[in-house]
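Structural features, examined
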Amino acid sequence: MTDLTRRQALLLTLASSLPLVAGAGRAQAQSAAQKVTVALDWTVNTNHIGLFVARDKGFYREAGLAVDILPYSDTGAGTLVANRVADFGINGTISLFTQKTAGADLKAVYAVVQSETGRVVFNAARGEIKSPRDLDGLTYGGFGSAWENALIGTIIRHDGGKGNFETVTLGTSAYEALANGSVDFTLEVATWEGVEAELKGIKQRSFVYADHGVPDEHTTLISSSEAYLQANPKVAAGFVQATRRGYQFAADHPDEAAALLIAANKDALTNPALIRASLKALIDGHFLRSQSGAIATMDPAKMEAIGDYLFAAGILRDSDGNVVKQRPDFAGYFSNAYLG
């Protein structure tokens with residue numbers, strides 16, 4: 001239970017004590033099902049849609065699983081998985097690489113998205129910003145990670161700039177600061193904050209990372225621990241494959257999938273238009289399913305490339321906090337084997 005807050009411990013206790021199905025016959029079926037827990041990386045959003053579809057359409061039940069989707073807490077999903085508090089967790093590619101290099105027991109088993117959903121964004125009225133080198137000397141509203149500085153520096157230098165910019169750490173308030181002009185640019189997820197800005201009529205322009213010297217990445221993954229995977233290979237495969245059915249259903253039936261997600265999270269998802277528009281962006285942009293039809297699969301070349309970038313940038317550190325000097329074996333950071 002390392003790193004758990006009291007609030008989270010209470011939530012987990014409540015989650016484990018609540019019955020998942022009602023009725024004597026269904027209760028008996030549940031007793032035979034394998035319980036699986038999955039932690040979210042953030043408050044509920046469209047990146048999580050496949051989990052809720054798989055649960056509420058019965059895909060997990062058909063796989064012999066009783067899946068609890070744990071509420072988001074202050075403790076990251078990767079930490080919950082590595083400490084065996086959750087069996088699976090949604091986490092970012094960058095956090096997977098940094099945590100695993102530092103010794104966390106993590107392995108990615110599913111790519112939620114097939115390409116980078118993040119982008120550098122700024123107000124469309126800033127006509128003087130024509131290319132990334134024009135960001136030199138401007139103020140960035142950031143989130144406090146080493147990854148951001150390396151990312152933005154690379155993008156600016158790739159365009160011929162020096163990579164010098166001021167940083168103000170603001171967290172999610174960076175979007176309000178950008179809108180009111182307190183900062184000049186920030187990073188956002190195009191399929192969520194970007195869609196939300198568009199719905200509000202906020203005009204923005206952006207730079208895509210991969211167009212400016214940064215390797216493309218899957219952005220969002222589902223990970224487990226080596227310990228869990230080795231002890232429960234069939235359960236893990238059942239969970240991963242049922243989850244893929246959920247995301248496949250969402251890509252094929254977006255209206256029904258969006259309705260399911262909203263119905264399951266009525267208190268949290270109070271803007272149905274955002275959910276529908278975000279899911280449309282994920283589908284139309286070939287994020288959930290690539291143009292070649294790939295869904296869930298991690299591209300080994302893509303995973304190795306982002307690992308190499310992080311290593312070269314000095315972002316990867318060992319358990320003592322020292323920058324690693326020898327390139328890790330990134331092939332051990334992920335596996336497509338559970339997709340079947």
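Note: the structure precedes this text.
These numbers come from a predicted model, not from an experiment.

1. Focus: the overall build of the protein chain
When helices and strands are tallied, the protein chain shows 14 helices and 10 strands. For the protein chain, the C-alpha radius of gyration of 20 Å lies close to 20 Å, the compact-globule estimate for 340 residues. Principal-axis analysis of the C-alpha atoms gives the protein chain an extent of 65 × 45 × 45 Å. A burial count over the protein chain gives 49% of its 340 residues as buried. Once local pairs closer than 6 in sequence are excluded, the contacts in the protein chain between residues at least 24 apart make up 80%. On the protein chain, roughly 15,300 Å² of surface is accessible, and the fraction owed to carbon and sulfur atoms is 51%.

2. Examining helix H9 (residues 190–199)
An α-helix turns once every 3.6 residues. As a result, residues three or four positions apart point the same way. Of all the positions in H9, only Thr191, Trp192, Glu193, Gly194, Val195 and Ala197 are classed as buried. Buried residues along H9 sit in contact with strand E5 (118–123), helix H8 (174–180), strand E8 (185–189), strand E9 (204–207) and helix H13 (272–284). Residue glycine 201 follows H9 closely and has a positive phi angle near 80 degrees.

3. Section: the packing of aromatic side chains
To describe a pair of aromatic rings, you give the distance between the ring centres and the angle between the ring planes. Evaluated as defined, the whole model comprises 15 aromatic pairs. Judged by centre distance (5.5 Å) and plane angle (75 degrees), the rings of phenylalanine 88 and tyrosine 228 are edge-to-face. Separated by 140 residues along the polypeptide, phenylalanine 88 in strand E3 (residues 88–92) and tyrosine 228 in helix H10 (residues 226–231) bring together distant segments of the chain. Pair check on accessibility: phenylalanine 88 and tyrosine 228 agree, each one buried. Relative to phenylalanine 239, the ring of phenylalanine 88 lies with its centre 4.2 Å away and its plane at 25 degrees, an arrangement referred to as stacked. Placement of the pair is phenylalanine 88 in strand E3 and phenylalanine 239 in helix H11 (residues 233–252), with a sequence separation of 151 residues. An aromatic cluster is built from Tyr60, Phe88, Tyr228 and Phe239, whose rings are joined through pairwise contacts. Against the face of tyrosine 333 rests lysine 100, its NZ or CZ located 5.6 Å from the ring centre. Here the basic side chain of arginine 245 rests over the ring of phenylalanine 59, its NZ or CZ set 3.9 Å away from the ring centre.

4. Topic: the pattern of salt bridges
Counted by the stated rule, this structure contains 15 salt bridges. Between lysine 57 and glutamate 256 there is a salt bridge whose closest N-O contact spans 3.0 Å. With lysine 57 in the loop between helix H3 (49–56) and helix H4 (59–62) and glutamate 256 in helix H12 (residues 254–264), this pair connects stretches of sequence that are 199 residues apart. Of the charged contacts in the structure, one is a salt bridge between glutamate 62 and arginine 245, with a shortest N-O distance of 2.9 Å. On the criterion of sequence distance, the pair formed by glutamate 62 in helix H4 and arginine 245 in helix H11 is long-range, its members being 183 residues apart. For arginine 245, a relative accessible area of 39% corresponds to the partly exposed category. One salt-bridge network, in which partners are shared between bridges, spans Arg126, Glu128 and Asp184.

Rules used throughout
- Residues numbered from 1 in each chain as written.
- Predicted model: local features only at pLDDT ≥ 70, side-chain atom pairs only at ≥ 80, totals over all residues.
- Heavy atoms only, no water.
- Helix = DSSP H or I, 4+ residues; strand = E, 2+ residues; numbered from the N terminus.
- Rg over C-alpha atoms; globule rule 2.2 N^0.38 Å.
- Buried < 20%, exposed > 50% of the residue type's maximum accessible area, 1.4 Å probe, protein only.
- Contact = heavy atoms within 4.5 Å.
- Areas by Shrake-Rupley, 256 points an atom, 1.4 Å probe, with all protein chains shown as cover.
- Phe/Tyr/Trp six-rings, centres within 6.5 Å; stacked < 30°, edge-to-face > 60°.
- Lys NZ or Arg CZ within 6 Å of the ring centre and 35° of its normal.
- Salt bridge = Lys/Arg side-chain N within 4 Å of Asp/Glu carboxyl O.

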